[in-house]
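If you want the building blocks of each chain, they are given just below.
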Amino acid sequence: MSLQASAQKVQDALRQLGFTGDVLELSESTRTAAEAAQAANCELGQIVKSLVFRIGEGGEAVLVLVSGANRVHEKRLGRLIGGTLVRADADYVREVTGYAIGGIPPVGHKTALKTYIDEDLLQYAQIWAAAGTPNAIFSLTPTELVNLSGGQVLCVK
């Protein structure tokens, strides 16, 4: 079965990074963390939300990979990484990642993004991340997420 172009782009990026797992395209939506958890039959906390912020109004884009059960504490995380976090709008997110909100994967972006990972994801044996479309996901371990994304693990909530 062939994948949609955006999901295939994620699968190709994963393979280039040495990951052997497969992207799954589902009939149900995985656009939100709650929908993804239901589709993957897992806890909300096992879902990796990929959120894009800017450091300051016109600053560098950063990717924050957050447990589906958590919200980013923007002021606290901004202090930790050295700037004020501003949530990026949908057009900017697509520009820097190459993906629309609701399908942003943790890897394979159009632009290299400094990445931060929610430490709460490390408590799970298996987690699920978006794979390029609002109905594509893949499973991996937290260690694989850290290795594949090159992200720094922090308390983000």
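If you're wondering where the values come from, they're calculated on a predicted model, not measured in any experiment.

Some remarks on the overall build of the protein chain
Moving on, step 1. Within the protein chain, the secondary structure is distributed over five helices and eight strands.
Moving on, step 2. Written out in order from the N terminus, the α and β elements of the protein chain read α-β-α-β-β-α-β-α-β-β-β-α-β.
Moving on, step 3. Its C-alpha radius of gyration of 14 Å places the protein chain within 12% of the 15 Å reference for a compact globule of 157 residues.
Moving on, step 4. Seen through its principal axes, the protein chain has C-alpha atoms that stretch 45 × 30 × 25 Å.
Moving on, step 5. Going through the 157 residues of the protein chain one by one, you find that 52% of them count as buried.
Moving on, step 6. Taking the intrachain contacts of the protein chain between residues at least 6 apart in sequence as the baseline, contacts between residues at least 24 apart amount to 61%.
Moving on, step 7. In the structure as shown, the protein chain presents an accessible area of about 7700 Å², 47% of it carried by carbon and sulfur atoms.

A few points about the side chain of serine 50
Moving on, step 1. Note on placement: serine 50 falls in strand S2 (residues 47-55).
Moving on, step 2. Classification of serine 50 as buried rests on a relative accessible area of 11%.
Moving on, step 3. In contact with serine 50, other than residues within four places in its own chain, are Leu63, Val64, Leu65, Ile104, Pro105 and Pro106.

Here is what the cut-offs are and how they apply
Residues numbered from 1 in each chain as written. Predicted model: local features only at pLDDT ≥ 70, side-chain atom pairs only at ≥ 80, totals over all residues. Heavy atoms only, no water. Helix = DSSP H or I, 4+ residues; strand = E, 2+ residues; numbered from the N terminus. Rg over C-alpha atoms; globule rule 2.2 N^0.38 Å. Buried < 20%, exposed > 50% of the residue type's maximum accessible area, 1.4 Å probe, protein only. Contact = heavy atoms within 4.5 Å. Areas by Shrake-Rupley, 256 points an atom, 1.4 Å probe, with all protein chains shown as cover.

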